[in-house]
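Understanding the architecture of this molecule
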Amino acid sequence: MTANIHPKPSSVAVVVNHDLTQLQALSSLLAEQGLEVQAFESATAALEAMSRAVPPALIVTELYMPGLDGWRFCRLLRSSEYASFNRIPILVVSATFSGEGTSRITTDLGANAFLSTPIDRPEFEEQVRKLLKGEQPQKFLRLLIVEDDDAQAELLKEVFEAHGYRADIAFTGRDAETKVKTQAYDVVVLDHHLPDIQGDELLLRLKPLWQDTVYLAMTGDPRPKLALEWTQLGAAAFVSKPFAPHYLIELCVKARRERDLIRVADRLEVRAREFRQSEEQHRHLLQHLQAGVVVHAPDTSILLANQEASRLLGLPLDQMQGKVATDPAWQLVHDDGSRMAAHEYPVMQVLASLRPVTNLVVGVDRPGGGERTWALVNAFPESDEQQQLRQVVVTFVDITERKRAEAALEVERLQFRHLFEQSPVATWLEDLTAVGLWMQHLRDQGVVDLRAFLQEQPDQLRHAASLIRVVDMNLAAVAQNAAQSKQHLLENLPQLFEAQTYQDFLAELDAIWQGQDSIEFESRGRRLDGRSL
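Description of the structure in this document. What you are looking at is a predicted structure, and each value in this text was computed from that prediction instead of being measured. (Residues numbered from 1 in each chain as written. Predicted model: local features only at pLDDT ≥ 70, side-chain atom pairs only at ≥ 80, totals over all residues. Heavy atoms only, no water.)

1. Things to note about unusual backbone geometry
For the bond from Thr 117 to Pro 118, the omega torsion is 5°, close enough to zero to count as cis. By the secondary structure assignment, Pro 118 is in the loop between β6 (113-116) and α5 (121-132). Following Lys 241, the chain continues to Pro 242 via a peptide bond in cis, the omega torsion being -5°. The topology assignment puts Pro 242 in the loop between β11 (237-240) and α10 (245-266). Even without being a glycine, Asn 359 presents a positive backbone phi close to 50°. Within the secondary structure, Asn 359 is located in strand β15 (residues 357-365). In this structure, Ala 482 is a non-glycine residue whose phi angle is positive, near 55°. One can find Ala 482 in the loop between α20 (475-480) and α21 (486-491). Given a relative accessible area of 24%, Ala 482 falls into the partly exposed group. (Helix = DSSP H or I, 4+ residues; strand = E, 2+ residues; numbered from the N terminus. Buried < 20%, exposed > 50% of the residue type's maximum accessible area, 1.4 Å probe, protein only.)

2. Thoughts on the sheet that holds strand β12 (residues 292-296)
Pairing within the open sheet is antiparallel, and its six strands lie in the order β13-β12-β17-β16-β15-β14. Here the strands that pair on one side only, and so sit at the sheet edges, are β13 (302-305) and β14 (331-333). Sheet twist, expressed as the mean angle between neighbouring strand axes with direction ignored, is 35°. Looking at chain direction, β12 and strand β17 (residues 389-398) are connected through five bridges and run antiparallel. Within β17, the position partnered with Val 295 by the bridge is Val 393. (Pairing = 2+ DSSP bridges. Axes fitted to C-alpha atoms, helices over the stretch in contact; angles between N-to-C directions.)

Put into structure tokens, the structure is as follows:
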């Protein structure tokens, strides 16, 4: 539906809300302030209409809508693809969030202001007045990129800023720690291998500084267990290089959104107490929450559930009522896909310990089959005035899309690994980070001609060779050098070098010094069995 109200307009306001009552109420309030209102039931329809017209003076949107929701709608309006709307003030209205969390949500969305519903008329009118006068500046997400590769860091900075972020770069762990101590960042993207510290150790130092920061890890290291280690340390996502920068942006959006939804779920117990005397309002909140909520009695039978829980668990609400947690209608699995025993179910863990269960990744095999859904689960006990267990509240945040993306990345990694190992061409993966720092030191010392410098000081050439960190090599490289295994080859690398090999290495260093990204030459060396190569 598209509606227009014409009260002798002075400017245009776009309103997006799938609730017709809210849509009409907001439109009327804006029209009374002298605005020409263009009202839409969907963000998709609003985008299509706005793309064909002069940008409006104001956009008012709900968060949770079918199809393109308010989260993605706001981020699109702040992206380079919709540059003409980047500076248009956005007012978000929602029944889901309130209190201290709204400022963080406003920043995540790139919006200018946030109001909780039901709308207070004087507050709404005052907020609109400020937005139209430019008195409520847009909030930006602050991003820190911790990456020692200049080109990669600058590329990420450029792409993130094109999507409405304010980005800083730290090339070392020490620089990152200094920046984080003096500036609160919404997102920190960490490389695993840094010149002065490993990224996971840096994460442990940074996490206590700001509670709301989301951390994402990236690395060129092919070891699969790194993803698990980073996640256990508190990283929201983990990506292997190379990757498309836009994919990292999407991960940032999803991670921030998941964090906000988890906080909403964590505040559910407080809100439940506040709304205990207003059961209808409480139920309305649950049914519109974008996190699944299931409330269990002490015998694990379900007392209450919302629509999102019904969707995630694959059962209609009326069929969920009264079922116990271990009902065979659904089966839960661990993060690794193994079947979860009944005593490991979140509600059973809470009943056994009377302590909360936090951030548990759970897969759900729903009745009737179909694709497995994945959720981030939190559960907590709730007691009555006599400190007797009254109920257990379990919340589910849908992370199926994130798990699907992780699985696709794992397939790509395995395919690359297979091609790498089975290639008939001897291939080495080398980390030249230390070589790059050594070159920068030489430039700082005034060295201009690296080839001439190394010919005069051959000890420096051998020093440069010692700085190379071999990450991996394929089976063809092992065979070519007559090694018994990869470990055998790594332990005897110096034996491969002879005088001519060092001269060839000098040519490679000179190419790097001059900024070349590839070099082709014939080289001679020595195999581990003593034969020439």
